[in-house]
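The chain contents come next:
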Amino acid sequence: MKKHPHTFTKFCLLIGLLASSCQKFLDIKSDKSLVVPQSLNDMQALLDDATTMNLRTTPSYGEASADDYFLTPTALAPLGVNSQEVYRWRSIPYRFQNDWSLSYLAIYNANLALDMLKELERTTANAQLWDNVKGSAHFYRAFYELGLLGQHGLAYDSHLSQSDLGIPLRRTSDFNTPSARATVAECYQAILDDLNIAVMLLPALPQHVYRPSKSAGHALLARVHLYMRNYPTALSETEKALYIKSELMDFNNDSDIFSQTAAVPFKPFNKEIIFYTEMFAWLGLQTPTRATITSDLYASYQTNDLRRTLFFLANGSNQRFKGSYTSHASSLFTGLAVDELYLNRAECLAYLDRIPESMEEINNLLKKRWRNTVAYIPLTANSKSEALLKIRMERRKSLLMRGLRWMDIKRQNKEGTEITPSRTIEGVTYTLTPNSPSYALPLPADILEQTGMPQN
C-alpha cells in the first residue's frame, strides 16, 4: 500500500524549512520529472508514504532525555559530542537532519494534501476517498505537532501556556509564509482543532495501521487532553476509542507473540496497535541495542509479571529493552495502542476520585500480563494519591520506550510529583529539577538562524 516518497515533497520541505533561496525552488519546480499531486489518488499516495509518515520518523529527543535508561561508559564513549552533551542535559547547537526536519516533512506532506484538496470538489462518487485524505492530513499534522510540542514546549499550564513558547504552526505548503513560534496554548488548540476534524471524517478502523482512523483520532485526542491535564475529557475520548477497538494481548499465549523469551517477542502489527509509527533515533542514545534500563525500574516488575520476560534481555549484569511493538530489535514503536487507552482510563478515573473503577481498570490490564499459572493479586488503593501513584507507575512500566515518558514527567511534576531525573557520568552527577526551563528542549540552530525565532 505504501509508495516511495515524492521527490517534489522532499525538495519543497528542504527548501521551505531549511531556507534555500526562492530561485532554487523555481529551478526545481520547473523540472518536469518531479511529481506534483493532482488527483485524490495522488494525495492519498502522498499520505501513504510510510517512509515519511510512519517509519523511524517520530521525535526522539524527549525519550533520549528521559529517565528510564542509562548508558554505560563503554556505550557512551563512541557517541559524538552532541549525543554526549544531550545525555548530560546540556543545550547543543544541532543541525539538519533531526527530529524537527523529519516531523516538519510529514507536516508539509499533510499541508500539501490539504492545499491540493481545495482544488478538488467533494462529490458523491469521491466522498469516501476525499474524506479519508482530508481526515488523514489533519491527523498527521496534529500527530507530529504534538510530538514536537512535547519536546520543545513546557508542560501545559492553564496560567502560563498563554505566554510559554511552543512550536511554529505551519498551515500551508507555501514556503514563503514565515515561521514563528506560537504559544503552547495556541499549539494545543490547533492540535485539538485538527483532531476534531479528523475524527469526523476518518473510518472507524483503517485498511492498515499505517493509516489514521477514527479510533486513532480519539486515542490521540485522549493523549492530548491527558497532557493538558483535562482528565474528564481525556476519559471521554479514551472511552470513544475503546468503544471502537479494545482487545488486549494475553502475554501468556497470544497468537501475536512469537515466544515469551524471543529476542523479538511481538509479531508485526499486533492486535493492540491502533496507529503505527517508529522513532527516529538521530542521537543514538536510547536505541534498544545501546541503552540499559535503570535497575530500580527493572526491579519493579515482579517475577511473575510477564512484561519482565517479554520486555527485557540480559546484557551482562544489566537489562536492555526488547519489548517494542515494532518487531525490530533496533527500532522503537511510538504509535497508538490499546494498552495506553486502558492506562489512560485508569488514571483519569483515579484523578476523578473514582477509585474502585480505576483499580478495576488497571487490574484488567495487568491480569493480561501476569503468568496464568500463578494467582494474580489485584492492586488496591485507599485514596486518590495512592491510586495515582500505582497507576502512573504501571503506565511507566507498560509504555516503556514509546516516546511518552518525557511528557509524563513534565505533566506529573506540574501536579507536585517531584520527579527529579539524575545521571552520573565519570563521577559527576547531573540532575533536572522539577519544572525546570530545561524541560523545553532546544530548537535546531539552523532553523533559528534562518527564521530569527527565539531559542528555549
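All of these numbers come straight from a predicted model, not from anything done at the bench.

### Here's the deal with the overall build of the protein chain
- Each helix and strand in the protein chain was counted, giving 19 helices and 10 strands.
- Projecting the C-alpha coordinates of the protein chain onto the three principal axes gives extents of approximately 65 × 55 × 45 Å.
- A burial count over the protein chain gives 58% of its 456 residues as buried.
- Partitioning the intrachain contacts of the protein chain with sequence separation of at least 6 by distance along the chain shows that 73% fall at a separation of at least 24.
- A total accessible area of about 18200 Å² is found for the protein chain, and carbon and sulfur atoms account for 52% of it.

### Digging into the environment of Arg95
- Inspection of the secondary structure assignment puts Arg95 in the loop between helix H7 (81-87) and helix H8 (99-117).
- Judged by its relative accessible area of 41%, Arg95 falls in the partly exposed class.
- On a C-alpha basis, the gap between Arg95 and Leu443 in space is 9.1 Å, while along the polypeptide they are 348 residues apart.
- Excluding anything up to four places from it in sequence, Arg95 contacts Ala445, Asp446 and Glu449.
- A polar atom in the side chain of Arg95 sits 2.7 Å from the side chain of Glu449.

### Overview of the side chain of Ser101
- Mapped onto the elements of the fold, Ser101 is located in helix H8.
- Judged by relative accessible area, Ser101 falls into the buried class, the value being 9%.
- Within the structure, Ser101 has its side chain in polar contact with the backbone oxygen of Asn98 (distance 3.0 Å).

### A short note on the environment of Pro203
- When you line up the elements, Pro203 lands in the loop between helix H10 (184-201) and helix H11 (214-227).
- Sequence separation between Pro203 and Val428 is 225 residues; the distance between their C-alpha atoms is 53 Å.
- In contact with Pro203, other than residues within four places in its own chain, are Asn132, Ser213 and Lys214.

### Quick word on the nonpolar core
- Trp100, Phe139, Tyr188, Leu195, Val224, Leu336 and Ile362 are the most contacted members of the largest nonpolar core, which has 76 residues in total.
- Looking at which element gives the most residues to this core, the answer is helix H9 (residues 127-152), with 11 residues.
- Among all residues touching Leu195, those that are not within four sequence positions of it are Phe139, Ala142, Leu220, Leu221 and Val224.
- In terms of nonpolar packing, the next biggest core, distinct from the first, is built from 27 residues, Ala75, Phe280, Trp282 and Tyr439 among them.

### Some words on unusual backbone geometry
- For the peptide bond that leads from Phe96 to Gln97, omega is 10 degrees, which places it in the cis range.
- Assignment of secondary structure puts Gln97 in the loop between H7 and H8.
- With a phi angle near 55 degrees, Arg56 is a residue other than glycine that sits in the positive phi range.
- Within the element layout of this structure, Arg56 appears in the loop between helix H4 (50-53) and helix H5 (61-65).

### Digging into the confidence of the model for the protein chain
- Put simply, the protein chain has an average pLDDT of 92, and 92% of its residues get 70 or more.
- Segment residues 1-34: pLDDT under 50, and 70 contacts once partners within four positions in sequence are set aside and those in other chains are kept.

### Structural notes on the packing of helix H15 (residues 338-351) against helix H17 (residues 384-398)
- At a minimum axis separation of 9 Å, H15 and H17 run at an interaxial angle of 165 degrees. Classified by the angle their axes make, H15 and H17 are roughly antiparallel. In the packing of H15 onto H17, the handedness of the crossing is left-handed. Contacts from Asp339, Glu340, Leu343, Asn344, Ala346, Glu347, Ala350 and Tyr351 in H15 reach Lys384, Ala387, Leu388, Ile391, Arg392, Glu394, Arg395 and Ser398 in H17.

### With respect to helix H18 (residues 405-413)
- Judged by how many residues are buried, H18 sits mostly within the fold: nine of nine residues are covered.
- If you check which residues of H18 are buried, you get Arg405, Trp406, Met407, Asp408, Ile409, Lys410, Arg411, Gln412 and Asn413.

### Things to note about the pairing of strand E9 (residues 422-425)
- Every second residue of E9 is oriented toward a common face, the buried set being Arg423 and Ile425 and the non-buried set Ser422 and Thr424.
- Bridging between E9 and strand E10 (residues 428-431) involves four bridges; their strand directions are antiparallel. Considered in E10, the bridge of Ser422 is made with Thr431.
- Hairpin remark: E9 followed by E10, antiparallel, with two residues in the connecting loop; positive phi at Glu426, about 55 degrees.

### Thoughts on the pattern of salt bridges
- A full pass over the atoms with the stated rule returns 31 salt bridges.
- Arg354 is paired through a salt bridge with Glu357; the nearest N and O atoms lie 2.8 Å apart.
- A residue is classified by how much of its surface remains accessible, and Arg354, at 32% relative accessible area, is partly exposed.

### Regarding H11
- For H11, which comprises 14 residues, the first-to-last C-alpha distance of 20 Å matches the rise-based estimate of 20 Å (1.5 Å per residue) to within 8%.
- In terms of residue burial, H11 counts as a mostly covered element, since 13 of its 14 residues are buried.
- Following H11 by one or two positions, Arg229 has its phi on the positive side, about 60 degrees.

### What about the environment of Arg411?
- Structurally, Arg411 is set in helix H18.
- Separated by 70 residues in sequence, Arg411 and Leu341 have C-alpha atoms that sit 17 Å apart.
- What Arg411 contacts, discounting residues up to four positions off in sequence, is Ala155, Leu226, Tyr227, Arg229, Tyr231, Glu347, Arg392 and Arg395.
- Of the polar contacts made by the side chain of Arg411, one reaches the side chain of Tyr231; its length is 3.2 Å.
- Looking at Arg411, its side chain comes within polar contact range of the side chain of Asp408, at 3.0 Å.

Parameters at a glance
Residues numbered from 1 in each chain as written. Predicted model: local features only at pLDDT ≥ 70, side-chain atom pairs only at ≥ 80, totals over all residues. Heavy atoms only, no water. Helix = DSSP H or I, 4+ residues; strand = E, 2+ residues; numbered from the N terminus. Buried < 20%, exposed > 50% of the residue type's maximum accessible area, 1.4 Å probe, protein only. Contact = heavy atoms within 4.5 Å. Areas by Shrake-Rupley, 256 points an atom, 1.4 Å probe, with all protein chains shown as cover. Polar contact = N/O pair within 3.5 Å; in protein donor to acceptor, adjacent residues only side chain to side chain. Core = buried A, V, L, I, M, F, W, Y, C linked by side-chain atoms within 4.5 Å. pLDDT = per-residue confidence, 0-100. Axes fitted to C-alpha atoms, helices over the stretch in contact; angles between N-to-C directions. Parallel < 35°, antiparallel > 145°, perpendicular 65-115°, else oblique. Left-handed = near helix turned anticlockwise from the far one by under 90°. Pairing = 2+ DSSP bridges. Salt bridge = Lys/Arg side-chain N within 4 Å of Asp/Glu carboxyl O. Expected span 1.5 Å × (residues − 1).

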